[in-house]
Amino acid sequence: MPLLTQHVRDENRQYCLVASLDNVRNFSTVLKAIHFQEHATCFATKNGIKVTVENAKCVQANAFIQAEVFQEFRVEEESVIFRINLTILLDCLSIFGSNPMPGTFTALRMCYQGHGQPLMLFLEEGGVVTVCKINTQEPVGTLDFDFCSTNVISKIILQSEGLREAFSELDMTSEILQMTISPDRPYFRLSTFGNAGSSHLDYPKDCDLMESFHCNHTQVNRYKLSLLKPSTKALVLSCKVSIRTDNRGFLSLQYMIKNEDGQISFVDYYCCPDEDIPESES
Amino acid sequence: MKFRAKIVDAACLNHFTRVSNMIAKLARTCTLRISPEKLNFILWDRQPSGGASTWCELEQENFFSEFQMEGVSAENNVIYLELTSENLSRALKTAQNARTLKIKLTNKHFPCLTVSIELLSVSNSSRIVTHDIPIKVIPRKLWKDLQEPSVPDADVSIYLPVLKTMKSVLEKMKNISNHLVIEANLNGELNLKVETELVCVTTHFRDLGNPPLASDDASLDRDPAEMVAVLVDIRKLLPFLAGQQVNPTKALCNVVAGRMVHLDVLHEDVSLQCFIPALALA
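Note that this is a predicted model, so its numbers are computed, not measured. (Residues numbered from 1 in each chain as written. Chains lettered and ligands numbered in written order. Predicted model: local features only at pLDDT ≥ 70, side-chain atom pairs only at ≥ 80, totals over all residues. Heavy atoms only, no water.)

Colleague: Now, about helix α2 (residues 25–32) of chain A: what can you tell me, with residues and values included?
Modeller: The complete set of buried residues in α2(A) reads N26(A), F27(A), S28(A), V30(A) and L31(A). Buried residues along α2(A) sit in contact with β1 (17–21), β3 (48–55), β4 (59–66), α3 (86–93), β7 (107–112) and β18 (264–271) of chain A. (Buried < 20%, exposed > 50% of the residue type's maximum accessible area, 1.4 Å probe, protein only. Helix = DSSP H or I, 4+ residues; strand = E, 2+ residues; numbered from the N terminus. Contact = heavy atoms within 4.5 Å.)

Colleague: If you had to explain the confidence of the model for chain B to someone new, which residues and values would you point to?
Modeller: Residues and elements named next belong to chain B. Summarising the model, chain B shows a mean pLDDT of 88, and 94% of its residues fall at 70 or more. By mean pLDDT, helix α4 (residues 216–220) is the weakest element of chain B at 55, and strand β13 (residues 190–195) is the strongest at 97. The complex model carries a pTM of 0.85, and its ipTM stands at 0.83. (pLDDT = per-residue confidence, 0-100.)

Colleague: Describe the domain arrangement of chain B, naming the residues involved and giving the relevant values.
Modeller: Residues and elements named next belong to chain B. Domain parsing of chain B yields domain 1 (2–142) and domain 2 (156–277). Computed over C-alpha atoms only, the centres of domain 1 and domain 2 are separated by 30 Å. Counting from both sides, the interface comprises 21 residues of domain 1 and, opposite them, 18 residues of domain 2. A buried area of about 1500 Å², summed over both sides, lies between domain 1 and domain 2, and 57% of it is on carbon and sulfur atoms. Where domain 1 packs against domain 2, one counts three residue pairs in polar contact (both at pLDDT 80 or more). Counting only elements with at least two residues in the side of domain 1 that touches domain 2, the list comes to α1 (10–26) and β4 (53–59). The residue inventory of the side of domain 1 that touches domain 2, partitioned by class, reads eight nonpolar, eight polar and five charged. (Domains from an automatic or database assignment. Buried area = accessible area lost by both parts, 1.4 Å probe. Polar contact = N/O pair within 3.5 Å; in protein donor to acceptor, adjacent residues only side chain to side chain. Nonpolar A, V, L, I, M, F, W, Y, C, P; charged D, E, K, R; others polar.)

Colleague: Tell me about the packing of aromatic side chains, residues and numbers included.
Modeller: Residue and element names in this part refer to chain B. Considering all chains together, one arrives at 16 aromatic pairs over all chains under this definition. With 5.5 Å between their ring centres and 70° between their planes, F3 and F67 make a pair best called edge-to-face. Of this pair, F3 sits in strand β1 (residues 2–7) while F67 sits in strand β5 (residues 66–70), and the two are 64 residues apart along the sequence. Note on accessibility: F3 and F67 belong to one class, buried. Taking 4.7 Å as the distance between ring centres and 45° as the angle between the ring planes, the aromatic pair formed by Y80 and W143 counts as tilted. Taken together, the residues Y80 in strand β6 (residues 79–84) and W143 in the loop between β10 (136–137) and β11 (156–159) connect sequence positions 63 residues apart. The two residues Y80 and W143 agree in class, both being buried. (Phe/Tyr/Trp six-rings, centres within 6.5 Å; stacked < 30°, edge-to-face > 60°.)

Colleague: Describe the domain arrangement of chain A, with residues and values.
Modeller: All names here are of chain A. You can read the domains of chain A as domain 1 (14–137) and domain 2 (152–271). The centre of domain 1, based on its C-alpha atoms, is set 28 Å off from the matching centre of domain 2. Of the residues lining the interface, 22 residues belong to domain 1; the matching set on domain 2 comes to 18 residues. Of the roughly 1700 Å² buried where domain 1 meets domain 2, counting both sides, 53% is carbon and sulfur surface. Interface area lost by domain 1 to domain 2 is led by N26, A33 and F64, which between them contribute 26%. Connecting domain 1 to domain 2 are one salt bridge. Across the salt bridge formed by R25 and E260, the nearest N and O atoms sit 2.8 Å from each other. Where domain 1 touches domain 2, the interface holds 11 residue pairs in polar contact (both at pLDDT 80 or more). When residues of the side of domain 1 that touches domain 2 are traced back to their parent elements, those giving at least two are α2 and β4. The dominant element in the side of domain 1 that touches domain 2, judged by the number of residues it contributes, is β4, at seven residues. (Salt bridge = Lys/Arg side-chain N within 4 Å of Asp/Glu carboxyl O.)

Colleague: Describe the sheet that holds β5(B), naming the residues involved and giving the relevant values.
Modeller: Residue and element names in this part refer to chain B. An order of β5-β1-β7-β8-β9 is seen for the five strands of this open sheet, with the pairing classed as antiparallel. Edge positions in the open sheet fall to β5 and β9 (127–134), since each of these has one partner strand only. Ignoring which end each strand starts from, the neighbouring axes of this sheet average 15° apart. Across the sheet, α1 touches β1 and β7 (98–108), and the angle it forms with β7 is around 55°. Each of β7, β8 (110–119) and β9 is contacted by helix α2 (residues 85–93), which is oriented at about 175° to β9, the strand it contacts most. (Pairing = 2+ DSSP bridges. Axes fitted to C-alpha atoms, helices over the stretch in contact; angles between N-to-C directions.)

Colleague: So, the pairing of β3(A): which residues are in play, and what are the values?
Modeller: Regular strands have side chains that alternate between both faces of the sheet. All names here are of chain A. Where strand β2 (residues 39–45) and β3 come together, five bridges link them in antiparallel fashion. Bridge pairing in β3 places F43 opposite K50. With antiparallel pairing between neighbouring strands as the criterion, β2 and β3 make up a hairpin whose turn holds two residues. Here β3 runs beside β4; their pairing, made up of eight bridges, is antiparallel.

Here it is as structure tokens:
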């Protein structure tokens, strides 16, 4: 596509964001992990791109794709921010099919001229080129959960497979998921209260899946299951997950996702608790 | 009216099964046209606005070892039947590893296409499975609706790209819009384009090659790079591509600017033609 590359090169100077990568799946997979709302806010700095999705002012997901994942990554301004339709972006990124034949890669070049301009995608696979022009929108403010590591009460690192099964079998008739983390038994317990009764799932502190466990005092928090369920998308893709709660009961789930080239990206979920439970009850 | 045919060759039987599977994927009901030389499966999408139609043509001698037919009269030596395409493909499912397959027009309380399959068995005793597929004989006064659509001289005739790539591109485009612009020129370039208020996606195929046009004089005074466009409903085109199980021997796309797209696909000795009328260009 010599014509196309030339065209791109001439216009390079006016772009405030240019990113290229040889395998579009290294980018699209991480975005799929946070695709539970139509719209996303993209925030690019020289370190990489952060894509944020929110729901009901109660849950926020952030996907971080570091600059190293891209073969070329240039941000001409301090930071570039825009809002985009994530569903359309994902459809465009996977235009050549979601499951390509092994050994074939779709290359991507992504350019953005700045405020009010469309996001341009140039995708190429086997000599076929697709050009996408996606209109961007005015960014709206994103939530600040003020989740600060000094306020963290408990922190667990699990291998994702341990949580994957639990999440896929959650009793969806339960409105909430109750998370008990305590320095003594049951250590880490997931409970649901559904139509068919309640169920509890305990992870002992010393099981193989548990990579680390820190908890100073018992905490019981409830989260809306409907808000947590979308995080399963990230869980399925990840190899490790860090679960943290702070003194207000806010939950942070951090998923570590390895791409096809072995590079690591992160997806964060923040969720606010459903209601407070007095500690005496637990 | 008589019809009786027999397949004994395993390869022919497999091929015939594949054709009927493809037909079943394309439409719920089909018209079977039987003439002394050919079998045609005709698929009509009956819509007042002028639906798409697909013609599948098989030379009878490439499939059948015996083939006898007698049409309505000596001068109109053809039979038109209507049947549910899935019934035929389901009947042929039993015919895998069959020794022979016989198809016969019968009247058992109601008109039927009787498919009898002689199965191989370990012992000498032969087993015969018989399917009676209910049919409707189409009276002569309706034949005129079932004539092969005539193709006006194409403005551009171009070979199609790998159908799998084209299919996955169109599947994603369908999520964006149902209105597809097909553009092609005499330089072997084909563009597929969808556009909405939010996004514009164009896939460019190059170096596809053009077969020589029927009317040479028309191509002489035309710029080969000039694009000829037609707007079609993506949902009419997709089933046709989805029905293709293997890559065809030849796949051709004829564009009549603003009027229709004619796809002509040849699988060894089965010819498949699809006529898609244009939507009014916006």
